[in-house]
Amino acid sequence: MTTESTVATVKARTATGTDPGVTLDPAAAGFDGRRLGRLARHLDECVAGGLNRGSIVLVARRGELVHVSSHGTRDAEGRLPVEPDTIWRLYSMTKPVTSVAALILWEEGVLSLSDPVERFLPSFARMRVHRPGEGGATVPAVEPIRIRHLLTHTAGLTVTGLADNPVNDAYRAAGIAALGEPEPYTLDELCERLASLPLLFEPGSAWNYSHATDVLGRIIEIASGMRLDAFMAKRIFEPLAMTDTGYRLPAGDRPAAPYRVHPRTGRLELMPDPGAAAGDLPTLVAGGHGLLSTARDYQRFVQMLARGGELDGERLLAPRTVELMAANHLPGDSTMSAFSHPPARTAGIHEGRGFGFGVAPLLDPHSVDSLSSAGEYGWGGAAGTNFWVDPEKDLTVLFMTQVMPPPDDTWLALRRLVYQALVR
């Protein structure tokens, strides 16, 4: 079938409320409409070229949608088109939601950013740190893991399969699954396993992508007295009218089929879903991954951040808290690559970015040849979903697709195509 994009001026289906619809003419929002058309053409070409099977992109300025285009198909056989109510697996785009949940409790005084994790999870007392170059040798941690370390991925935790070192080997031996593998344990059980394993580095001394947000999710449960999914539903999804967001995969044909890139051929193939059956809650309700959502729903979450913690009269966070969330919390205004363990330079989406509380602010756009503004922040997921908020330009972009792993240049190209169309 052809991959013609939905025109940008999609009319809102107010009867169902499932289609966000364009609410502001691009020219009135400072966009060159002809240049903005390059974005849709590029995403059509991605489908035609086999980079993904389908996608949808939403561009908003000053809180109003100026571009909505859907591309390709959402089902395995390629017969059903992507629509605004298509369900997408968010993977790590769950992390900003969990971070907002933690900051809600922080604002209420239920927890402190400086609280040691052992206040809520005693098994994290007396952690030990791996000593590089000495096999499996460890030493007692000097600094306790604190909640701010969880929010910033500076806790010393890691994930299975991320790198080749004794700590990652220990994660595998402890039965902690790598990305895409079955996770037959609860959040409580995962945290207990993590607490029994050595840290990759002293808490606060480096940055490493990790299970930190999962531990944060368990702390939210203990601090609130509610299961993580229930807390999110009551305190985030219900106030924001995110009716299609949660951890249960719905039955029917709305979910997008997950694809992965074959390691040898580079072609897309249908990816087995290791999660729970449709309608069931997964065994692991994680803070770092697992949420499913629609473009319409997650757009409301993004707009809440862009509007300083409030949307349609429902305030989740104070404006200053959102500013704190989006600030760089790495020491000396370091970037993720410079402060990572070990230091690593990449040419990908994370180059030139620091890390805040669940999101990554861009520090110096010119140093990485980016058209984004300094302070633009957001995050993505393992299957290609991505969003960003640009406070300077009062601009947000949300992109949904379902292919693993997503090439970094897809996200970089999206930014270039959006900003080259912004003329005032």
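Residues numbered from 1 in each chain as written. Predicted model: local features only at pLDDT ≥ 70, side-chain atom pairs only at ≥ 80, totals over all residues. Heavy atoms only, no water.

### Focus on the overall build of the chain
Scanning the chain for helices and strands turns up 11 helices and 15 strands. The C-alpha radius of gyration computed for the chain amounts to 21 Å, which stays within 12% of the reference 22 Å derived for 424 residues, consistent with globular compactness. C-alpha atoms of the chain, sized along the principal axes, occupy 60 × 45 × 40 Å. Considering the chain as a whole, with its 424 residues, one finds that 55% of them fall into the buried category. Considering only contacts in the chain between residues 6 or more positions apart, those separated by 24 or more positions represent 69%. (Helix = DSSP H or I, 4+ residues; strand = E, 2+ residues; numbered from the N terminus. Rg over C-alpha atoms; globule rule 2.2 N^0.38 Å. Buried < 20%, exposed > 50% of the residue type's maximum accessible area, 1.4 Å probe, protein only. Contact = heavy atoms within 4.5 Å.)

### Side note on the environment of His-149
Topologically, His-149 is positioned in helix H3 (residues 147-152). Through-space distance from the C-alpha of His-149 to that of Leu-113 is 8.5 Å; in sequence the pair is 36 residues apart. In contact with His-149, not counting residues within four places along its chain, are Glu-143, Pro-144, Thr-154, Ala-155, Pro-203 and Gly-204.

### A closer look at the sheet that holds strand S1 (residues 54-61)
Within the open sheet, the 6 strands sit side by side as S2-S1-S14-S13-S12-S11. Their pairing is antiparallel. Of all strands in the sheet, those bounded by a partner on one side alone are strand S2 (64-72) and strand S11 (360-361). Pairing of strand S13 (residues 386-390) with strand S14 (residues 395-401), which is carried by 5 bridges, proceeds in the antiparallel orientation. By the bridge assignment, Asn-386 is partnered in S14 with Phe-399. Here helix H1 (residues 33-48) sits on the sheet in contact with S1, S2 and S14, set at roughly 25° to S2. On the sheet, helix H11 (residues 408-419) packs against S1, strand S12 (377-380), S13 and S14 and is oriented at approximately 40° with respect to S13. (Pairing = 2+ DSSP bridges. Axes fitted to C-alpha atoms, helices over the stretch in contact; angles between N-to-C directions.)

### Structural notes on the packing of aromatic side chains
One pass over the structure, following the stated rule, counts 7 aromatic pairs. A centroid spacing of 6.3 Å and a plane angle of 25° characterise the contact between Trp-207 and Tyr-209, whose relative ring orientation is stacked. Here Tyr-209 falls in the partly exposed class, since its relative accessible area comes to 22%. When the centroid spacing of 5.7 Å and the interplanar angle of 55° are considered together, the rings of Trp-207 and Phe-355 count as tilted. Within this pair, whereas Trp-207 is found in the loop between helix H5 (187-195) and helix H6 (212-224), its partner Phe-355 is found in the loop between helix H10 (336-339) and S11, the two being separated by 148 residues in sequence. Of the two residues, Trp-207 and Phe-355, neither departs from the other in class, the shared state being buried. (Phe/Tyr/Trp six-rings, centres within 6.5 Å; stacked < 30°, edge-to-face > 60°.)

### Digging into H6
Look at H6: 18 Å from first C-alpha to last across 13 residues, which is about the 18 Å you get at 1.5 Å a residue. The element H6 is extensively covered by neighbouring structure, given that 10 of its 13 residues are classed as buried. Inspection of H6 places Ala-212, Thr-213, Asp-214, Val-215, Leu-216, Gly-217, Arg-218, Ile-219, Ile-220 and Glu-221 among the buried residues, and these make up the whole buried set. The secondary structure elements touched by the buried residues of H6 are helix H2 (95-107), H3, H5 and helix H7 (228-237). Downstream of H6 by a residue or two, Gly-225 has a phi angle that is positive, lying close to 75°. (Expected span 1.5 Å × (residues − 1).)

### Here we look at the pairing of S12
Burial along S12 is two-sided: the face carrying Tyr-377 and Trp-379 and the face carrying Gly-378 and Gly-380 are both buried. In this structure, S11 lies alongside S12, joined through 2 bridges in antiparallel fashion. Within the sheet, the bridge partner assigned to Ala-360 lies in S12 and is Gly-378. Sheet topology places S12 next to S13; 4 bridges connect them, and they run antiparallel. Residue pairing across strands places Trp-379 opposite Phe-387, the latter belonging to S13.

### Examining helix H9 (residues 319-326)
Because an α-helix completes one turn every 3.6 residues, residues spaced three or four positions apart along the sequence face the same direction. For H9, the complete set of buried residues consists of Thr-321, Val-322, Met-325 and Ala-326. The arc enclosing the buried residues of H9, seen along the axis, measures out at 135°, which places them on a common side. Buried residues belonging to H9 abut H2, helix H8 (295-306), S11 and S12. (Arc of directions from axis to C-beta.)

### Some words on the pairing of S1
Looking along a regular strand, one sees side chains alternate from face to face of the sheet. Among the 8 residues of S1, 8 are classified as buried, and the element is accordingly described as predominantly covered. Taking every second residue as pointing to the same face, both faces of S1 are buried, with Gly-54, Ile-56, Leu-58 and Ala-60 on one and Ser-55, Val-57, Val-59 and Arg-61 on the other. Summarising the sheet, S1 and S2 pair through 8 bridges and their orientation is antiparallel. The partner of Val-57 across the bridge, within S2, is Ser-69. In textbook terms, the turn of a hairpin is the stretch between consecutive antiparallel strands, and for S1 and S2 this stretch comprises 2 residues, one of which, Arg-62, has a positive phi near 55°. Across 7 bridges, the pairing between S1 and S14 is antiparallel. Note that in S14 the partner of Ile-56 across the bridge is Met-400.

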